[in-house]
Amino acid sequence: MKNKTLLLLLLLISSTCFAKKIKARVTFNNLTGEKIKVSLNVGKNVVDPAAYEYRGKEMLSTEYSWTFETDKDIENYSVIFGSAIILKNGIPAGKITGKPIVISKGGIQNYSWDIELKQSNKRSLDDLSSQILQYNPNLFLNEEISPKPISGLFNQYLGALQAFRVKNDDTIFEFRIAPVDMKLALKIGEVKGTQTSNQSIEFANLIDQKVKATIPAITELGLNFSYDRMHSIKLEYKDIGVVDWIKTSGMKEKPTSDIYKEDIALLDQIELGKLYFKYGDSLKLRRIDKAYIFDGIYLEHVEGTSINGGNEIDISTFVTNSGTFEFKNSMKTSKIFGSSYLGYWISNTSPNFDGLLEYFKAVYVARISDVLDTDEQLKEEYEELRKVNPELPELKNKYEIKSYYKRLLQNYLKDNPQERAYFNSENQNIKNEENFTDNLSDGEVQLLMENANEKFEFIPDNLNLEDSKKMLNKLNQIDPNIGNKLKISDQQLINNNY
(Lines give C-alpha, C1' and ligand atoms only; values in the text may rest on other atoms or scores of the structure.)
Protein backbone atom coordinates (compact mmCIF):
# COMPACT_ATOMS: atom_id res chain seq x y z
CA MET A 1 0.00 0.00 0.00
CA LYS A 2 2.82 2.35 0.92
CA ASN A 3 4.60 1.52 -2.35
CA LYS A 4 1.46 2.27 -4.38
CA THR A 5 0.96 5.59 -2.60
CA LEU A 6 4.58 6.50 -3.17
CA LEU A 7 4.30 5.59 -6.86
CA LEU A 8 1.20 7.80 -7.33
CA LEU A 9 2.99 10.68 -5.59
CA LEU A 10 6.02 10.35 -7.88
CA LEU A 11 3.76 10.28 -10.97
CA LEU A 12 1.96 13.42 -9.80
CA ILE A 13 5.24 15.27 -9.21
CA SER A 14 6.56 14.12 -12.58
CA SER A 15 3.36 15.23 -14.32
CA THR A 16 3.44 18.61 -12.60
CA CYS A 17 7.07 19.17 -13.59
CA PHE A 18 6.33 18.16 -17.17
CA ALA A 19 3.45 20.63 -17.33
CA LYS A 20 5.84 23.48 -16.56
CA LYS A 21 8.26 22.56 -19.31
CA ILE A 22 6.47 24.57 -22.01
CA LYS A 23 8.50 26.39 -24.65
CA ALA A 24 7.63 28.62 -27.62
CA ARG A 25 9.24 29.36 -30.98
CA VAL A 26 8.73 33.10 -31.55
CA THR A 27 9.04 35.05 -34.84
CA PHE A 28 8.68 38.80 -35.18
CA ASN A 29 8.46 40.20 -38.74
CA ASN A 30 9.15 43.94 -38.93
CA LEU A 31 6.95 45.28 -41.74
CA THR A 32 6.78 48.85 -40.39
CA GLY A 33 9.74 50.32 -42.28
CA GLU A 34 10.73 51.84 -38.92
CA LYS A 35 13.22 51.10 -36.16
CA ILE A 36 11.32 49.31 -33.39
CA LYS A 37 11.91 47.65 -30.00
CA VAL A 38 10.09 44.32 -29.87
CA SER A 39 9.52 42.08 -26.87
CA LEU A 40 7.78 38.86 -25.91
CA ASN A 41 5.66 39.37 -22.82
CA VAL A 42 4.26 36.81 -20.37
CA GLY A 43 1.33 37.33 -17.99
CA LYS A 44 -2.16 36.25 -17.10
CA ASN A 45 -3.56 38.53 -19.82
CA VAL A 46 -2.42 41.49 -21.95
CA VAL A 47 -3.35 44.00 -19.25
CA ASP A 48 -1.93 42.00 -16.35
CA PRO A 49 0.10 44.50 -14.27
CA ALA A 50 2.39 41.66 -13.31
CA ALA A 51 3.15 40.78 -16.93
CA TYR A 52 6.88 40.77 -17.59
CA GLU A 53 9.14 41.07 -20.62
CA TYR A 54 10.53 37.66 -21.38
CA ARG A 55 12.95 38.82 -24.08
CA GLY A 56 13.39 42.00 -26.08
CA LYS A 57 15.42 43.33 -28.99
CA GLU A 58 15.81 46.50 -31.07
CA MET A 59 15.22 45.84 -34.77
CA LEU A 60 16.46 48.24 -37.44
CA SER A 61 14.13 49.31 -40.24
CA THR A 62 16.09 47.01 -42.57
CA GLU A 63 15.99 44.07 -40.15
CA TYR A 64 12.90 42.21 -41.25
CA SER A 65 12.72 39.10 -39.06
CA TRP A 66 13.83 37.86 -35.63
CA THR A 67 13.22 34.26 -34.49
CA PHE A 68 14.14 32.63 -31.18
CA GLU A 69 13.05 29.80 -28.88
CA THR A 70 12.32 30.36 -25.22
CA ASP A 71 15.13 28.96 -23.13
CA LYS A 72 13.28 28.55 -19.83
CA ASP A 73 9.93 27.19 -18.81
CA ILE A 74 6.75 29.20 -19.10
CA GLU A 75 4.03 28.43 -16.59
CA ASN A 76 1.07 26.50 -17.93
CA TYR A 77 -1.99 28.61 -18.89
CA SER A 78 0.08 31.77 -19.17
CA VAL A 79 -0.64 34.27 -21.92
CA ILE A 80 2.20 35.29 -24.22
CA PHE A 81 2.00 38.30 -26.53
CA GLY A 82 4.32 40.48 -28.52
CA SER A 83 4.66 44.24 -28.34
CA ALA A 84 6.51 46.74 -30.50
CA ILE A 85 7.46 50.29 -29.60
CA ILE A 86 8.12 52.56 -32.60
CA LEU A 87 11.36 54.49 -32.16
CA LYS A 88 11.88 57.94 -33.68
CA ASN A 89 15.43 59.20 -33.14
CA GLY A 90 15.65 56.77 -30.23
CA ILE A 91 12.46 58.16 -28.64
CA PRO A 92 9.30 56.01 -28.24
CA ALA A 93 6.57 57.29 -30.55
CA GLY A 94 3.80 54.74 -30.14
CA LYS A 95 3.21 51.17 -29.08
CA ILE A 96 1.51 48.26 -30.88
CA THR A 97 0.44 45.06 -29.13
CA GLY A 98 0.17 41.73 -30.93
CA LYS A 99 -2.60 39.16 -30.58
CA PRO A 100 -2.08 36.98 -27.46
CA ILE A 101 -2.10 33.17 -27.27
CA VAL A 102 -2.55 30.91 -24.22
CA ILE A 103 0.13 28.36 -23.34
CA SER A 104 -1.87 25.27 -22.49
CA LYS A 105 -0.02 22.19 -23.68
CA GLY A 106 3.41 20.69 -23.68
CA GLY A 107 6.03 20.74 -26.37
CA ILE A 108 7.06 23.74 -28.48
CA GLN A 109 4.32 26.22 -29.50
CA ASN A 110 4.69 28.71 -32.33
CA TYR A 111 4.04 32.43 -31.98
CA SER A 112 4.43 34.53 -35.16
CA TRP A 113 3.51 38.21 -35.53
CA ASP A 114 3.69 40.52 -38.56
CA ILE A 115 4.22 44.00 -37.13
CA GLU A 116 2.54 46.52 -39.45
CA LEU A 117 1.66 50.21 -39.30
CA LYS A 118 -1.96 50.43 -40.42
CA GLN A 119 -4.38 53.35 -40.38
CA SER A 120 -5.75 51.98 -37.12
CA ASN A 121 -2.41 51.92 -35.30
CA LYS A 122 -0.05 54.29 -37.07
CA ARG A 123 0.83 56.82 -34.39
CA SER A 124 4.14 58.36 -35.33
CA LEU A 125 5.59 61.82 -35.76
CA ASP A 126 5.93 61.77 -39.55
CA ASP A 127 2.73 59.87 -40.25
CA LEU A 128 0.15 59.86 -43.03
CA SER A 129 0.04 63.55 -43.88
CA SER A 130 1.54 63.09 -47.34
CA GLN A 131 -0.65 60.07 -48.15
CA ILE A 132 -4.09 61.09 -46.92
CA LEU A 133 -5.90 62.06 -50.11
CA GLN A 134 -4.03 62.17 -53.35
CA TYR A 135 -4.97 65.55 -54.74
CA ASN A 136 -2.85 68.49 -55.83
CA PRO A 137 -4.25 71.99 -55.20
CA ASN A 138 -1.46 73.39 -57.39
CA LEU A 139 -3.41 72.10 -60.41
CA PHE A 140 -6.51 74.10 -59.57
CA LEU A 141 -7.48 77.09 -61.67
CA ASN A 142 -9.29 78.53 -58.65
CA GLU A 143 -7.21 80.04 -55.85
CA GLU A 144 -9.77 79.43 -53.08
CA ILE A 145 -9.87 75.72 -52.20
CA SER A 146 -12.45 75.83 -49.42
CA PRO A 147 -15.51 73.58 -49.94
CA LYS A 148 -18.06 75.12 -52.28
CA PRO A 149 -21.57 73.84 -53.22
CA ILE A 150 -21.35 71.41 -56.08
CA SER A 151 -24.12 73.12 -58.11
CA GLY A 152 -21.77 76.03 -58.83
CA LEU A 153 -19.22 73.61 -60.26
CA PHE A 154 -21.69 72.09 -62.72
CA ASN A 155 -23.19 75.41 -63.80
CA GLN A 156 -20.04 77.46 -64.11
CA TYR A 157 -16.84 75.41 -64.40
CA LEU A 158 -16.77 71.68 -65.16
CA GLY A 159 -17.18 71.46 -68.95
CA ALA A 160 -16.56 75.18 -69.47
CA LEU A 161 -14.34 76.55 -72.24
CA GLN A 162 -11.34 78.45 -70.90
CA ALA A 163 -9.26 80.86 -72.98
CA PHE A 164 -5.79 81.43 -71.55
CA ARG A 165 -2.22 82.24 -72.47
CA VAL A 166 1.15 81.50 -70.92
CA LYS A 167 3.64 84.33 -70.44
CA ASN A 168 6.99 83.91 -68.68
CA ASP A 169 5.80 80.59 -67.19
CA ASP A 170 2.72 82.32 -65.75
CA THR A 171 -0.74 81.28 -66.92
CA ILE A 172 -3.11 84.19 -67.56
CA PHE A 173 -6.79 83.20 -67.72
CA GLU A 174 -8.52 85.56 -70.13
CA PHE A 175 -12.11 84.40 -70.65
CA ARG A 176 -14.34 81.51 -69.62
CA ILE A 177 -17.60 80.38 -71.26
CA ALA A 178 -19.63 78.67 -68.56
CA PRO A 179 -21.49 75.40 -69.22
CA VAL A 180 -24.79 77.15 -68.52
CA ASP A 181 -23.95 79.64 -71.30
CA MET A 182 -23.41 76.75 -73.71
CA LYS A 183 -26.78 75.29 -72.68
CA LEU A 184 -25.07 72.22 -71.20
CA ALA A 185 -26.40 72.64 -67.67
CA LEU A 186 -27.97 71.01 -65.90
CA LYS A 187 -27.01 67.98 -67.99
CA ILE A 188 -23.40 69.00 -68.11
CA GLY A 189 -22.03 65.49 -67.84
CA GLU A 190 -22.19 62.44 -65.65
CA VAL A 191 -20.15 62.56 -62.46
CA LYS A 192 -17.81 59.62 -62.69
CA GLY A 193 -15.18 59.48 -59.97
CA THR A 194 -11.78 58.12 -60.90
CA GLN A 195 -10.30 58.08 -57.40
CA THR A 196 -13.34 58.03 -55.15
CA SER A 197 -13.37 56.03 -51.95
CA ASN A 198 -15.11 55.55 -48.63
CA GLN A 199 -12.66 55.48 -45.73
CA SER A 200 -12.10 56.74 -42.25
CA ILE A 201 -8.58 58.00 -41.59
CA GLU A 202 -7.24 58.95 -38.21
CA PHE A 203 -3.73 60.26 -37.86
CA ALA A 204 -1.58 62.60 -35.85
CA ASN A 205 1.19 64.93 -36.81
CA LEU A 206 3.43 67.70 -35.62
CA ILE A 207 1.39 70.15 -37.68
CA ASP A 208 2.99 72.29 -40.35
CA GLN A 209 1.69 74.03 -43.47
CA LYS A 210 2.03 70.86 -45.56
CA VAL A 211 -0.79 69.26 -43.62
CA LYS A 212 -3.14 72.18 -44.28
CA ALA A 213 -2.45 71.85 -48.00
CA THR A 214 -2.95 68.07 -47.91
CA ILE A 215 -6.25 67.74 -46.06
CA PRO A 216 -9.37 69.05 -47.82
CA ALA A 217 -11.35 71.61 -45.79
CA ILE A 218 -8.91 71.61 -42.85
CA THR A 219 -8.64 75.41 -42.84
CA GLU A 220 -12.44 75.62 -42.47
CA LEU A 221 -12.13 74.40 -38.87
CA GLY A 222 -10.76 77.86 -38.05
CA LEU A 223 -7.97 76.52 -35.85
CA ASN A 224 -4.66 78.06 -34.92
CA PHE A 225 -2.31 75.09 -34.80
CA SER A 226 0.46 75.33 -32.24
CA TYR A 227 3.66 74.13 -33.83
CA ASP A 228 5.09 72.82 -30.54
CA ARG A 229 2.03 70.66 -29.81
CA MET A 230 0.76 67.37 -31.05
CA HIS A 231 -2.46 67.41 -33.08
CA SER A 232 -4.79 64.62 -34.11
CA ILE A 233 -7.15 64.97 -37.07
CA LYS A 234 -9.90 62.47 -37.74
CA LEU A 235 -11.13 62.61 -41.32
CA GLU A 236 -14.13 60.66 -42.54
CA TYR A 237 -15.25 61.16 -46.12
CA LYS A 238 -17.66 59.76 -48.65
CA ASP A 239 -17.16 59.55 -52.41
CA ILE A 240 -14.19 61.86 -52.63
CA GLY A 241 -11.90 62.17 -55.60
CA VAL A 242 -11.40 63.32 -59.17
CA VAL A 243 -14.34 63.49 -61.57
CA ASP A 244 -14.22 63.91 -65.35
CA TRP A 245 -16.46 65.89 -67.65
CA ILE A 246 -18.22 63.50 -70.03
CA LYS A 247 -21.29 63.57 -72.24
CA THR A 248 -24.75 62.57 -71.11
CA SER A 249 -27.34 60.84 -73.30
CA GLY A 250 -29.41 64.04 -73.45
CA MET A 251 -26.67 66.06 -75.15
CA LYS A 252 -26.22 66.51 -78.90
CA GLU A 253 -24.98 63.52 -80.82
CA LYS A 254 -21.37 64.50 -81.37
CA PRO A 255 -18.01 63.51 -79.93
CA THR A 256 -17.24 64.86 -76.46
CA SER A 257 -14.13 66.51 -77.88
CA ASP A 258 -16.15 68.63 -80.36
CA ILE A 259 -17.49 72.15 -79.92
CA TYR A 260 -19.88 73.50 -82.54
CA LYS A 261 -19.99 77.19 -83.41
CA GLU A 262 -23.66 77.29 -82.54
CA ASP A 263 -22.79 76.13 -79.01
CA ILE A 264 -21.20 79.54 -78.40
CA ALA A 265 -23.32 82.68 -77.97
CA LEU A 266 -22.50 85.50 -80.40
CA LEU A 267 -21.21 87.89 -77.72
CA ASP A 268 -18.86 85.17 -76.44
CA GLN A 269 -17.64 84.61 -79.99
CA ILE A 270 -16.92 88.34 -80.35
CA GLU A 271 -14.96 88.32 -77.07
CA LEU A 272 -12.88 85.29 -78.08
CA GLY A 273 -12.30 86.84 -81.52
CA LYS A 274 -10.98 90.04 -79.97
CA LEU A 275 -8.62 88.09 -77.71
CA TYR A 276 -7.27 86.12 -80.67
CA PHE A 277 -6.94 89.32 -82.75
CA LYS A 278 -5.01 90.78 -79.82
CA TYR A 279 -2.75 87.88 -78.77
CA GLY A 280 -2.59 85.63 -81.84
CA ASP A 281 -1.50 82.03 -81.44
CA SER A 282 -0.37 82.57 -77.85
CA LEU A 283 -4.08 82.34 -76.94
CA LYS A 284 -5.24 78.78 -76.15
CA LEU A 285 -8.76 77.40 -75.84
CA ARG A 286 -9.38 74.27 -73.77
CA ARG A 287 -12.19 72.60 -71.84
CA ILE A 288 -12.12 72.47 -68.03
CA ASP A 289 -12.39 68.70 -67.76
CA LYS A 290 -11.39 67.71 -64.20
CA ALA A 291 -12.64 68.56 -60.73
CA TYR A 292 -12.06 67.36 -57.17
CA ILE A 293 -15.32 66.74 -55.32
CA PHE A 294 -16.74 64.94 -52.31
CA ASP A 295 -20.19 63.86 -51.22
CA GLY A 296 -19.47 64.50 -47.55
CA ILE A 297 -16.60 65.18 -45.13
CA TYR A 298 -16.45 64.98 -41.34
CA LEU A 299 -13.43 66.64 -39.73
CA GLU A 300 -12.47 66.38 -36.08
CA HIS A 301 -9.46 67.98 -34.39
CA VAL A 302 -7.95 67.20 -31.00
CA GLU A 303 -4.87 68.89 -29.54
CA GLY A 304 -2.66 66.71 -27.37
CA THR A 305 -2.47 67.31 -23.60
CA SER A 306 0.99 67.41 -22.06
CA ILE A 307 1.63 64.59 -19.55
CA ASN A 308 4.48 63.38 -17.39
CA GLY A 309 7.11 61.79 -19.57
CA GLY A 310 7.40 58.86 -17.16
CA ASN A 311 3.87 57.64 -17.91
CA GLU A 312 3.41 54.45 -19.91
CA ILE A 313 3.89 54.90 -23.65
CA ASP A 314 0.95 53.35 -25.53
CA ILE A 315 -0.92 53.74 -28.81
CA SER A 316 -2.53 57.03 -27.75
CA THR A 317 0.71 58.60 -26.48
CA PHE A 318 3.27 60.60 -28.44
CA VAL A 319 6.75 61.67 -27.49
CA THR A 320 8.21 64.76 -29.19
CA ASN A 321 11.13 67.07 -28.60
CA SER A 322 8.60 69.39 -26.93
CA GLY A 323 7.36 66.78 -24.45
CA THR A 324 4.98 63.85 -24.12
CA PHE A 325 1.33 64.22 -25.14
CA GLU A 326 -1.88 62.21 -25.03
CA PHE A 327 -5.33 62.74 -26.57
CA LYS A 328 -7.60 60.78 -24.23
CA ASN A 329 -9.19 63.72 -22.40
CA SER A 330 -8.74 66.53 -24.92
CA MET A 331 -11.45 68.86 -26.26
CA LYS A 332 -12.69 68.17 -29.80
CA THR A 333 -13.48 70.61 -32.59
CA SER A 334 -15.47 69.20 -35.50
CA LYS A 335 -17.36 70.21 -38.63
CA ILE A 336 -19.43 68.48 -41.33
CA PHE A 337 -19.50 69.48 -45.00
CA GLY A 338 -22.11 68.33 -47.52
CA SER A 339 -21.65 67.71 -51.25
CA SER A 340 -18.97 70.15 -52.38
CA TYR A 341 -16.11 70.72 -54.73
CA LEU A 342 -12.62 71.99 -53.90
CA GLY A 343 -11.20 72.84 -57.31
CA TYR A 344 -11.24 72.34 -61.06
CA TRP A 345 -8.54 72.27 -63.72
CA ILE A 346 -7.56 71.55 -67.32
CA SER A 347 -5.83 68.18 -67.69
CA ASN A 348 -3.09 67.28 -70.17
CA THR A 349 -5.65 65.26 -72.13
CA SER A 350 -8.18 68.09 -72.48
CA PRO A 351 -9.15 68.60 -76.16
CA ASN A 352 -7.71 71.52 -78.12
CA PHE A 353 -10.22 73.99 -79.61
CA ASP A 354 -7.68 76.48 -80.98
CA GLY A 355 -8.96 75.77 -84.50
CA LEU A 356 -12.11 77.78 -83.74
CA LEU A 357 -10.22 80.95 -82.86
CA GLU A 358 -9.66 82.03 -86.48
CA TYR A 359 -13.41 81.79 -87.04
CA PHE A 360 -14.12 83.84 -83.89
CA LYS A 361 -11.70 86.49 -85.13
CA ALA A 362 -13.78 86.73 -88.33
CA VAL A 363 -16.92 87.12 -86.19
CA TYR A 364 -15.23 89.91 -84.26
CA VAL A 365 -14.27 91.97 -87.29
CA ALA A 366 -17.75 91.39 -88.79
CA ARG A 367 -19.77 92.38 -85.71
CA ILE A 368 -17.78 94.71 -83.47
CA SER A 369 -18.96 97.83 -85.28
CA ASP A 370 -22.57 96.81 -84.45
CA VAL A 371 -21.71 97.10 -80.76
CA LEU A 372 -19.30 100.04 -80.95
CA ASP A 373 -21.09 102.31 -83.41
CA THR A 374 -19.55 105.68 -82.55
CA ASP A 375 -16.30 106.88 -84.01
CA GLU A 376 -14.78 107.37 -80.54
CA GLN A 377 -15.70 103.90 -79.21
CA LEU A 378 -14.47 102.00 -82.25
CA LYS A 379 -11.22 103.99 -82.45
CA GLU A 380 -10.46 103.49 -78.72
CA GLU A 381 -11.06 99.76 -79.13
CA TYR A 382 -8.72 99.56 -82.13
CA GLU A 383 -5.99 101.56 -80.41
CA GLU A 384 -6.16 99.18 -77.47
CA LEU A 385 -5.52 96.29 -79.88
CA ARG A 386 -2.53 98.11 -81.43
CA LYS A 387 -0.90 98.58 -77.98
CA VAL A 388 -0.62 94.80 -77.68
CA ASN A 389 -0.28 94.03 -81.40
CA PRO A 390 1.77 96.93 -82.90
CA GLU A 391 1.88 95.22 -86.30
CA LEU A 392 -1.69 96.38 -86.93
CA PRO A 393 -1.84 99.35 -89.36
CA GLU A 394 -2.40 102.88 -88.05
CA LEU A 395 -5.99 103.91 -88.87
CA LYS A 396 -7.51 107.35 -88.28
CA ASN A 397 -11.28 106.93 -87.91
CA LYS A 398 -14.11 104.45 -87.73
CA TYR A 399 -14.56 104.36 -91.52
CA GLU A 400 -10.95 103.29 -92.08
CA ILE A 401 -11.28 100.72 -89.30
CA LYS A 402 -14.53 99.29 -90.71
CA SER A 403 -12.97 99.15 -94.19
CA TYR A 404 -9.93 97.30 -92.78
CA TYR A 405 -12.16 94.83 -90.92
CA LYS A 406 -14.17 94.24 -94.11
CA ARG A 407 -11.01 93.29 -96.00
CA LEU A 408 -10.00 90.88 -93.24
CA LEU A 409 -13.41 89.23 -93.37
CA GLN A 410 -13.27 88.93 -97.18
CA ASN A 411 -9.85 87.27 -96.94
CA TYR A 412 -11.21 84.81 -94.37
CA LEU A 413 -14.22 83.95 -96.54
CA LYS A 414 -11.98 83.49 -99.56
CA ASP A 415 -10.12 80.78 -97.63
CA ASN A 416 -13.31 79.43 -96.03
CA PRO A 417 -16.08 79.77 -98.65
CA GLN A 418 -18.32 77.35 -96.74
CA GLU A 419 -18.82 80.08 -94.12
CA ARG A 420 -20.01 82.76 -96.58
CA ALA A 421 -23.72 81.98 -96.26
CA TYR A 422 -23.53 82.15 -92.48
CA PHE A 423 -21.88 85.58 -92.44
CA ASN A 424 -24.22 86.96 -95.12
CA SER A 425 -27.27 85.94 -93.08
CA GLU A 426 -25.97 86.84 -89.65
CA ASN A 427 -24.09 90.03 -90.32
CA GLN A 428 -27.14 92.30 -90.45
CA ASN A 429 -27.60 95.69 -88.84
CA ILE A 430 -29.15 95.62 -85.39
CA LYS A 431 -32.88 96.24 -85.60
CA ASN A 432 -34.65 98.73 -83.36
CA GLU A 433 -36.76 96.43 -81.23
CA GLU A 434 -38.29 96.77 -77.77
CA ASN A 435 -35.81 98.26 -75.34
CA PHE A 436 -34.48 95.68 -72.90
CA THR A 437 -33.88 98.35 -70.23
CA ASP A 438 -37.45 99.72 -70.15
CA ASN A 439 -38.38 97.51 -67.20
CA LEU A 440 -35.11 98.02 -65.30
CA SER A 441 -34.40 100.49 -62.53
CA ASP A 442 -31.40 102.78 -62.79
CA GLY A 443 -29.65 100.69 -60.12
CA GLU A 444 -30.26 97.48 -62.09
CA VAL A 445 -28.90 99.10 -65.24
CA GLN A 446 -25.73 100.14 -63.41
CA LEU A 447 -25.28 96.68 -61.88
CA LEU A 448 -25.72 94.88 -65.21
CA MET A 449 -23.33 97.33 -66.88
CA GLU A 450 -20.68 96.67 -64.21
CA ASN A 451 -21.07 92.93 -64.79
CA ALA A 452 -20.85 93.46 -68.57
CA ASN A 453 -17.59 95.42 -68.17
CA GLU A 454 -16.21 92.67 -65.98
CA LYS A 455 -17.22 89.88 -68.38
CA PHE A 456 -16.48 91.38 -71.80
CA GLU A 457 -13.28 93.23 -72.62
CA PHE A 458 -14.73 94.86 -75.77
CA ILE A 459 -17.38 96.87 -73.86
CA PRO A 460 -16.34 100.47 -73.02
CA ASP A 461 -15.85 101.52 -69.40
CA ASN A 462 -17.37 104.50 -67.59
CA LEU A 463 -20.49 104.93 -69.72
CA ASN A 464 -23.10 107.30 -68.33
CA LEU A 465 -26.59 106.02 -67.53
CA GLU A 466 -28.14 106.79 -70.93
CA ASP A 467 -25.21 105.31 -72.85
CA SER A 468 -25.31 102.27 -70.56
CA LYS A 469 -28.96 101.71 -71.49
CA LYS A 470 -28.12 102.01 -75.19
CA MET A 471 -25.26 99.53 -74.81
CA LEU A 472 -27.36 97.00 -72.89
CA ASN A 473 -30.14 97.24 -75.49
CA LYS A 474 -27.66 96.58 -78.30
CA LEU A 475 -26.19 93.61 -76.41
CA ASN A 476 -29.68 92.23 -75.83
CA GLN A 477 -30.53 92.45 -79.54
CA ILE A 478 -27.36 90.49 -80.36
CA ASP A 479 -27.89 87.99 -77.54
CA PRO A 480 -31.42 87.92 -76.01
CA ASN A 481 -30.02 85.90 -73.08
CA ILE A 482 -27.72 88.74 -72.03
CA GLY A 483 -29.77 89.60 -68.93
CA ASN A 484 -29.45 86.10 -67.46
CA LYS A 485 -25.80 85.90 -68.50
CA LEU A 486 -24.87 89.09 -66.67
CA LYS A 487 -26.96 88.29 -63.60
CA ILE A 488 -25.15 84.97 -63.24
CA SER A 489 -22.13 86.83 -61.90
CA ASP A 490 -24.09 87.72 -58.77
CA GLN A 491 -25.62 84.27 -58.41
CA GLN A 492 -22.19 82.74 -58.77
CA LEU A 493 -21.08 84.51 -55.60
CA ILE A 494 -23.98 82.85 -53.79
CA ASN A 495 -23.22 79.41 -55.26
CA ASN A 496 -19.58 79.54 -54.23
CA ASN A 497 -20.21 80.33 -50.58
CA TYR A 498 -22.10 78.60 -47.81
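Residues numbered from 1 in each chain as written. Predicted model: local features only at pLDDT ≥ 70, side-chain atom pairs only at ≥ 80, totals over all residues. Heavy atoms only, no water.

1. Brief notes about the packing of aromatic side chains
Counted only if it meets this: Each aromatic pair joins two rings of Phe, Tyr and Trp (for Trp, the six-membered one) with centres within 6.5 Å, and gets the label stacked for planes under 30 degrees apart, edge-to-face for over 60, and tilted for any other angle. A run of H or I in DSSP becomes a helix once it reaches four residues, and a run of E becomes a strand once it reaches two; helices and strands are each numbered from the N terminus. Buried, partly exposed and exposed residues are distinguished by accessible area as a fraction of the type maximum, computed with a 1.4 Å probe on protein chains only: under 20%, between the cut-offs, and over 50%, respectively.
Applying the stated criterion across every chain, the model contains 19 aromatic pairs. Each ring, one from tyrosine 382 and one from tyrosine 404, has its centre 6.3 Å from the other, and the planes form 80°; the classification is edge-to-face. With tyrosine 382 in helix α6 (residues 375-388) and tyrosine 404 in helix α7 (residues 398-415), the pair connects residues that are 22 residues apart, well separated along the chain. Overall, tyrosine 382 belongs to the buried group, its relative accessible area being 0%. Centroid distance tyrosine 404 to tyrosine 405: 6.2 Å. Interplanar angle 40°. Geometry classified as tilted. The two residues tyrosine 404 and tyrosine 405 agree in class, both being buried. Linked through ring pairs, Phe277, Tyr364, Tyr382, Tyr404 and Tyr405 together constitute an aromatic cluster.

2. A closer look at the nonpolar core
Nonpolar side chains tend toward joint burial in soluble globular proteins. As a reminder of what qualifies: Buried Ala, Val, Leu, Ile, Met, Phe, Trp, Tyr and Cys residues that are joined via side-chain atoms within 4.5 Å together make up what is termed a nonpolar core. Contact between two residues is taken to exist if any of their heavy atoms lie within 4.5 Å; hydrogens are not considered.
Core analysis: the biggest nonpolar cluster contains 69 residues, and Leu153, Tyr405, Phe423, Phe458 and Leu475 have the highest contact counts within it. The biggest single contributor to this core is helix α5 (residues 357-371), with 10 residues. The residues touching leucine 153, leaving out its near neighbours within four places in the chain, are Leu158, Ala291, Ile293, Tyr341 and Tyr344. Formed by 24 residues, the second largest nonpolar core is a distinct cluster that contains Ile22, Trp66, Phe81 and Leu117.

3. Side note on the pattern of salt bridges
Between side chains of opposite charge, a pair can form when the charged atoms approach closely. Put simply, the test is: Any Lys or Arg side-chain nitrogen found within 4 Å of a carboxyl oxygen on Asp or Glu counts as a salt bridge.
Within this structure, the stated rule accounts for 21 salt bridges. Residues arginine 367 and aspartate 370 are paired through a salt bridge, measuring 2.8 Å at the closest nitrogen-oxygen approach. Of this pair, arginine 367 and aspartate 370 both sit in helix α5, 3 residues apart, roughly one helical turn. Between glutamate 383 and lysine 379 there is a salt bridge, with its nearest N and O atoms 3.9 Å apart. Residue glutamate 383 and its partner lysine 379 are both found in helix α6; the two are separated by 4 residues, about one turn of the helix. The class for glutamate 383 is partly exposed, based on a relative accessible area of 25%. Several salt bridges converge on common partners, so that one network encompasses Lys274, Lys278, Glu381, Glu384 and Glu457.

4. Brief notes about the side chain of glutamate 381
Topologically, glutamate 381 is positioned in helix α6. Taking relative accessible area as the criterion, glutamate 381 reaches 5% and is therefore assigned buried. Among residues more than four places away in sequence, those in contact with glutamate 381 are Lys274, Tyr364, Ile368, Leu372, Glu457 and Phe458.

5. A word on the environment of arginine 286
This is how it is decided: N or O atoms closer than or at 3.5 Å make up a polar contact, with two conditions inside protein: a donor-capable atom paired with an acceptor-capable one, and, for residues adjacent in sequence, both atoms drawn from side chains.
Residue placement: arginine 286 occurs in strand β16 (residues 283-287). The exposure class of arginine 286 is buried, given its relative accessible area of 16%. Between the C-alpha atoms of arginine 286 and glutamine 162, which are 124 residues apart in sequence, the distance is 5.4 Å. The residues touching arginine 286, leaving out its near neighbours within four places in the chain, are Ala160, Leu161, Gln162, Phe164, Ile346, Ser350, Pro351, Asn352, Phe353 and Asp354. A distance of 2.8 Å separates a polar atom in the side chain of arginine 286 from a polar atom in the side chain of aspartate 354.

6. Quick notes on the packing of α5 against α7
Put simply, the rule reads: Axis angles are defined between N-to-C directions and span 0 to 180 degrees, where every axis is a line fitted to C-alpha atoms and, for a helix, only to the segment in contact. Crossing handedness follows the turn of the near helix against the far one: under a right angle anticlockwise gives a left-handed crossing, and clockwise gives a right-handed one. Residues are sorted three ways: Asp, Glu, Lys and Arg are charged, Ala, Val, Leu, Ile, Met, Phe, Trp, Tyr, Cys and Pro are nonpolar, and all the rest, Gly among them, are polar.
Two elements in contact, α5 and α7, have axes separated by 9 Å at closest approach and are oriented at 145°. Of the two elements, α5 crosses α7, and the hand of that crossing is left-handed. Residues Glu358, Tyr359, Ala362, Tyr364, Val365, Ala366, Ile368 and Ser369 of α5 form the contact with α7, whose own contacting residues are Lys402, Tyr405, Leu408, Leu409 and Tyr412. For the contact of α5 with α7, the residue count by class is 10 nonpolar, 1 polar and 2 charged.

7. Looking at the confidence of the model for the protein chain
How we decide: The predictor reports its confidence for every residue as pLDDT, a score running from 0 up to 100.
On average, the protein chain scores 77 in pLDDT, and the residues at 70 or more come to 71%. Contacts for the low-pLDDT stretch residues 119-131, under 50 throughout, to residues beyond four places or in other chains number 44 contacts. Low pLDDT (under 50) marks residues 490-498, which in the prediction has 21 contacts with non-local residues, meaning those over four places away or in another chain.

8. A closer look at the environment of leucine 385
Inspection of the secondary structure assignment puts leucine 385 in helix α6. In the structure, leucine 385 is positioned 111 residues away from lysine 274 in sequence and 8.3 Å away in space, judged by C-alpha atoms. Discounting residues that sit within four places of it in the chain, leucine 385 has contacts with Lys274, Phe277, Lys278, Tyr364, Leu392 and Tyr405.

9. Some words on the sheet that holds strand β11 (residues 170-177)
Convention followed: Between any two strands, pairing holds if DSSP finds at least two bridges.
With respect to topology, 3 strands assemble into an open sheet ordered β11-β10-β16, the strand pairing being antiparallel. Each edge of the sheet is formed by a strand with only one pairing partner; in this case those strands are β11 and β16. Between one strand and the next, the sheet's axes are offset by a mean angle of 30°, whatever the strand orientation. Pairing between strand β10 (residues 161-167) and β16: 5 bridges, direction antiparallel. Opposite leucine 161, over in β16, you have arginine 287 as the bridge partner. Each of β10, β11 and β16 is contacted by helix α4 (residues 266-279), which is oriented at about 155° to β11, the strand it contacts most.

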